[in-house]
Amino acid sequence: MSLTPKQFAVIGHPINHSLSPHIHLLFAKQFDLPIIYEREDIDREHLLVRLADFQGKDYLGLNVTLPLKHDAYLLCQKLSEKAQLCESVNTISIKNNKLHGDTTDGIGLIKDLTNKGINLSQASCLLVGAGGAANGVMADLIECLPSKLYLTNRTIEKSMLMESYWKNFAKKHSVLLKVSDIHGADSCHYDVIINATSAGFSSDKSPIEDKMINRETFCYDMTYGRETPFMRQAIKIHAKTFDGLGMLVEQAAESFHIWHNKRPKTNNIRNELQLLGLI
Ligand code: ATR
């Protein structure tokens, strides 16, 4: 008996280079699930109308990427607790003609850190950036119970706003949340530094100073598909350095689980994407 393929898509702008269709097709192959997974270029202006189109057709789910995650949060009819907290949606399930929004970015990051042997519990952690990407992983970062979670950003006022937004959630988990100077003036030691800025696309300079990193620091860049100045800086200092491809794969696996109630294996996906010539 052949099953009718279920339909999915990733939406964003630009979207040409998204690896999500390939990753979801590799996951589906593990279970012999017939799926159709497309890319749709949608800008913010057209999101409302295009979401209604998807609801009218036979789509079961959508992944949402830049710059639509906050708009998708505003437009979903139902939201998971985490999506509500992070004000961000990267996974939409279409059920009974309603859009259910969830976010799997934070859990994707934490799963990838865990895969790499990085334990945030009791660690001193610095999160660089104060935009959607940084706020989208805050709830999961705090739930890992680092001893200290420092926030920094080129525009430091945004880190201060972020601190005041997350203060109560951090307090509830007994996590010390503090704003740190982006030039390292407060000379803290960080066990883990996570770059959640988009600086890798717009600048040839790392957003932080060399003195904030040492050989023992785990340096994680949420960017994938390119070596960023932050990664080059960390490699030069001989710090352990990682890109964000693993996070992309793990957040996709969480979306897949939400839609299909099945947990795909993720450990070989990087190799499979390489074999396909996609990375
Ligand atoms: P995203 O959804 O990817 O987080 P965003 O909300 O536009 O996108 O946020 C981009 C983040 O990258 C911000 O923290 C931004 O810093 P500012 O708040 O000062 O703008 C940061 N960023 C972008 N380009 C940067 C650069 N060249 N150097 C340092 N930080 C940069």
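Caption draft 1: Structural context of the sheet that holds strand β3 (residues 59-64). Here we have six strands laid out as an open sheet, ordered β2-β1-β3-β5-β6-β4, and mixed in their pairing. Edge positions in the sheet fall to β2 (35-41) and β4 (78-79), since each has one partner strand and no second. The pairing of β3 with strand β5 (residues 91-95) spans three bridges and is classified as antiparallel. Across the sheet, N63 pairs through a bridge with T91, a residue of β5. Taken strand by strand, helix α2 (residues 47-56) contacts β1 (6-12), β2, β3, β5 and β6 (98-102), and its axis lies near 175° from that of β1. Taken strand by strand, helix α10 (residues 245-260) contacts β1, β2, β3, β5 and β6, and its axis lies near 10° from that of β5.

Caption draft 2: Geometry of the pairing of β1. Among the seven residues that make up β1, five are buried, leaving the element largely enclosed by the rest of the structure. Pairing analysis gives seven bridges linking β1 to β2, with the strands arranged parallel. Bridge pairing in β2 links G12 to D41. As for the winding sense of the linkage, the β-α-β connection from β1 through helix α1 (residues 20-30) to β2 is right-handed. Relative to β3, β1 is paired through five bridges, and the arrangement is parallel. By the bridge assignment for β3, A9 is matched with L62.

Caption draft 3: Focus on the pairing of β6. Residues L99 and G101 of β6 are buried on one face, while the alternating residues K98, H100 and D102, pointing to the opposite face, are not. As judged from the five bridges shared by β5 and β6, these two strands associate in the antiparallel manner. Following the sheet pairing, K95 is matched in β6 by K98. Two successive antiparallel strands, β5 and β6, enclose a turn made up of two residues, where N96 displays a positive phi of approximately 45°.

Scoring rules and cut-offs
Residues numbered from 1 in each chain as written. Predicted model: local features only at pLDDT ≥ 70, side-chain atom pairs only at ≥ 80, totals over all residues. Heavy atoms only, no water. Pairing = 2+ DSSP bridges. Helix = DSSP H or I, 4+ residues; strand = E, 2+ residues; numbered from the N terminus. Contact = heavy atoms within 4.5 Å. Axes fitted to C-alpha atoms, helices over the stretch in contact; angles between N-to-C directions. Buried < 20%, exposed > 50% of the residue type's maximum accessible area, 1.4 Å probe, protein only. Right-handed = clockwise from strand over helix to strand, strands pointing away.

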